[in-house]
Amino acid sequence: MTQEVLRTDLLVAGGGPAGLAAAIAVRQKGFNVIVADHANPPIDKACGEGLMPDGVAALNRLGIALELHQALPFRGICFTDGRDSVATEFPHGLGWGIRRPVLHELLAQRADEAGVSIFWGARLNWLNNGEVALNRCRIDCRWIIGADGHHSRARQWMKLDRCRFKRNRFGFRQHYRVTPWSDFVELHWGRNCQIVVTPVGHQEVCLAMVSNRAQLRLEEALQQFPEILKRLQGALASTEERGAISAVCSLRKVYRGRHALIGDASGSVDAITGKGLCLAFQQALFLAEALERGKLSEYQAAHRRLARLPTLMSWLMLSMDRYAWLRERALRTLMTEPPLFSRLLATHVGALSPMAFGVRNALKMGWRLVACPT
């Protein structure tokens, strides 16, 4: 019996946000695209559910504009350790808090409208001759993109799983029915854990906790944060607690031949940076341009460039988590120098280049971290 053959320009293994973004971006260039995922939509994952302005801009380029009935905008970021607090607004645009299943549904709808062929509940098999089988069909394609997350099978099959470095933490997320008390995303610093509070609806907030302890759960962690507990008094949880790995991971390469990786399959930054989805959407746009020119090496260079600053921010945040004295001095520094925090956030969301942030600001921050009294 002859095996059925499906032909396409691009096969994307993984139908999460990264895979769908890649499919949409490449389809916008005129290529035929197939997406396959073993799960069925909408696909959920524990995350902070905040999109920074640069992530929103990338989403817009994919043809998706968020609306108030789907998500809630926020103006900036607030850091607090219960004693000191500092907040600053984004220099341009707004961030948006959006439930992960809602975002996934929007991406799936947009992919369908763009003409992407999507196979949900599908079984992908990696064949020894470098081909892929989808259910009982063989796939004949020019390129294969792995977008199947942290524990990527595609990455192993493509022999791209050599890491430069990797560090795991553990994240847990839950939603509460309560009117958001701020139009900022709040990052609360505690002992060896952080809680991010994101407004995701007119009557709902998302709490995401990240720590080094796999056994620590949100309910226990909240005992360190009386301010949050006070705000949640009388509020009911609207979802079950859900967990996920938060990893800082950098791969040596993200492409080989006609194969490439995107999203968490291609490396990741700590969830506390709020840049995971933003990176995936930006990677998708650069991937599409590289495929249009037939040069995946250009995607490798863009991928490394995009990840450089968020990875640096990850290590800075992790150092603040590990060393209480550094966290206290950093918060005090940002409190006494509000313009410094504004420029740091502008750099983080891509509105200001690291070069424009400047040696002077870097030295000023470094000196205050050393000299600022605790």
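Residues numbered from 1 in each chain as written. Predicted model: local features only at pLDDT ≥ 70, side-chain atom pairs only at ≥ 80, totals over all residues. Heavy atoms only, no water.

A.B. asks: Looking at this structure, how should I read the overall build of the chain?
C.D. replies: When helices and strands are tallied, the chain shows 11 helices and 20 strands. Radius of gyration (C-alpha) of the chain: 21 Å, near the 21 Å computed for a compact globule of 374 residues. The principal-axis extents of the C-alpha atoms in the chain amount to approximately 75 × 50 × 35 Å. Counting only residues that meet the buried cut, the chain has 55% of its 374 residues in that class. With the model as given, the accessible surface of the chain reaches about 17200 Å², and the carbon-plus-sulfur share is 50%. Averaging the locations of the 48 positively and 33 negatively charged side chains of the chain gives two centres separated by 8 Å. (Helix = DSSP H or I, 4+ residues; strand = E, 2+ residues; numbered from the N terminus. Rg over C-alpha atoms; globule rule 2.2 N^0.38 Å. Buried < 20%, exposed > 50% of the residue type's maximum accessible area, 1.4 Å probe, protein only. Areas by Shrake-Rupley, 256 points an atom, 1.4 Å probe, with all protein chains shown as cover. Lys, Arg positive; Asp, Glu negative; His and termini not counted. Charge placed at Lys NZ, Arg CZ, Asp CG, Glu CD.)

A.B. asks: Is there a simple way to explain helix 7 (residues 276-293) in this structure?
C.D. replies: Because the α-helix completes a turn every 3.6 residues, residues three or four places apart line up on one side. End to end, helix 7 covers 26 Å across 18 residues, agreeing with the expected 26 Å (1.5 Å per residue, within 8%). Phi turns positive one or two residues past the end of helix 7, at Gly294, with a value near 70°. (Expected span 1.5 Å × (residues − 1).)

A.B. asks: Is there a simple way to think about the sheet that holds strand 4 (residues 72-74) in this case?
C.D. replies: Ordered in space as 3-7-4, the 3 strands form an open sheet in which the pairing is antiparallel. Either end of the sheet is taken by a strand with one partner, and the two such strands are strand 3 (50-51) and strand 4. Summarising the sheet, strand 3 and strand 7 (residues 95-97) pair through 2 bridges and their orientation is antiparallel. Looking at the pairing, Leu51 lines up with Trp96 of strand 7. (Pairing = 2+ DSSP bridges.)

A.B. asks: Teacher, can you tell me more about the nonpolar core here?
C.D. replies: Burial of nonpolar side chains together is a common tendency in soluble globular proteins. In terms of nonpolar packing, the biggest core is built from 47 residues, with Leu59, Ile262 and Phe281 touching the most fellow members. The set of elements that each furnish at least two residues to this core consists of strand 1 (5-13), helix 1 (17-27), strand 2 (33-37), helix 2 (53-61), helix 3 (100-114), strand 11 (137-146), helix 7 and helix 8 (296-322). The element that contributes the greatest number of residues to this core is helix 7, accounting for 9 residues. (Core = buried A, V, L, I, M, F, W, Y, C linked by side-chain atoms within 4.5 Å.)

A.B. asks: Can you walk me through the pairing of strand 12 (residues 163-177) in this structure?
C.D. replies: For a regular strand, the rule is simple: side chains alternate between the two faces of the sheet. With 10 bridges connecting them, strand 12 and strand 17 (residues 242-251) associate as antiparallel partners. Within strand 17, the residue paired with Arg169 across the bridge is Ser246. Direction of pairing for strand 12 relative to strand 15 (residues 204-211): antiparallel, over a ladder of 8 bridges. By the bridge assignment for strand 15, Phe170 is matched with Ser211. As paired elements, strand 12 and strand 16 (residues 236-237) share 2 bridges and run antiparallel to each other. Note on strand 16: the bridge partner recorded for Tyr176 is Ala237.

A.B. asks: I would appreciate a short explanation of the pattern of salt bridges in the present structure.
C.D. replies: When their charged atoms lie close together, side chains carrying opposite charge are able to pair. The final tally for this structure, using the stated rule, is 17 salt bridges. Across the pair Asp84 and Arg83 runs a salt bridge, and its minimum N-O distance is 3.6 Å. Ionic pairing is found between Asp270 and Arg169, a salt bridge with its closest N-O pair at 2.8 Å. Taken together, the residues Asp270 in the loop between strand 20 (267-268) and helix 7 and Arg169 in strand 12 connect sequence positions 101 residues apart. Here Arg169 falls in the buried class, since its relative accessible area comes to 1%. One salt-bridge network, in which partners are shared between bridges, spans Asp44, Glu49, Arg99, Arg173 and Glu204. (Salt bridge = Lys/Arg side-chain N within 4 Å of Asp/Glu carboxyl O.)

A.B. asks: Help me out: how do you make sense of the packing of aromatic side chains in this one?
C.D. replies: According to the stated counting rule, one finds 6 aromatic pairs in the structure shown. Here the aromatic cluster, defined as three or more aromatic residues joined through ring pairs, consists of Phe79, Trp189 and Phe341. Above the plane of the ring of Tyr255 lies Lys253, whose end atom (NZ or CZ) is 4.7 Å from the centre. Sitting over the ring of Phe286, Arg305 keeps its end group 5.6 Å from the ring centre. (Phe/Tyr/Trp six-rings, centres within 6.5 Å; stacked < 30°, edge-to-face > 60°. Lys NZ or Arg CZ within 6 Å of the ring centre and 35° of its normal.)

A.B. asks: What is the right way to read helix 3 from this model?
C.D. replies: The terminal C-alpha atoms of helix 3, which comprises 15 residues, lie 21 Å apart, in line with the 21 Å expected from a rise of 1.5 Å per residue. The elements touched by buried residues of helix 3 are helix 1, helix 2, strand 8 (117-120), strand 12 and helix 7. Gly115 sits one or two residues past helix 3 and shows a positive phi near 100°. (Contact = heavy atoms within 4.5 Å.)

A.B. asks: Just checking my understanding: could you explain the packing of helix 7 against helix 8 for this structure?
C.D. replies: Packed helix pairs are specified by the crossing angle of their axes together with the interaxial distance, meaning the distance between the axes. Two elements in contact, helix 7 and helix 8, have axes whose closest approach is 8 Å; the angle formed by their N-to-C orientations is 160°. In this view, helix 7 runs roughly antiparallel relative to helix 8, as classed from their interaxial angle. Between helix 7 and helix 8 the crossing geometry is right-handed. Between helix 7 and helix 8, the residues in contact are Leu279, Gln282, Gln283, Phe286, Leu287, Ala290, Leu291 and Arg293 and Leu296, Glu298, Tyr299, Ala302, His303, Arg305, Leu306, Ala307 and Pro310, respectively. Here the residues of the contact of helix 7 with helix 8 are counted per class, giving 11 nonpolar, 3 polar and 3 charged. (Axes fitted to C-alpha atoms, helices over the stretch in contact; angles between N-to-C directions. Parallel < 35°, antiparallel > 145°, perpendicular 65-115°, else oblique. Left-handed = near helix turned anticlockwise from the far one by under 90°. Nonpolar A, V, L, I, M, F, W, Y, C, P; charged D, E, K, R; others polar.)

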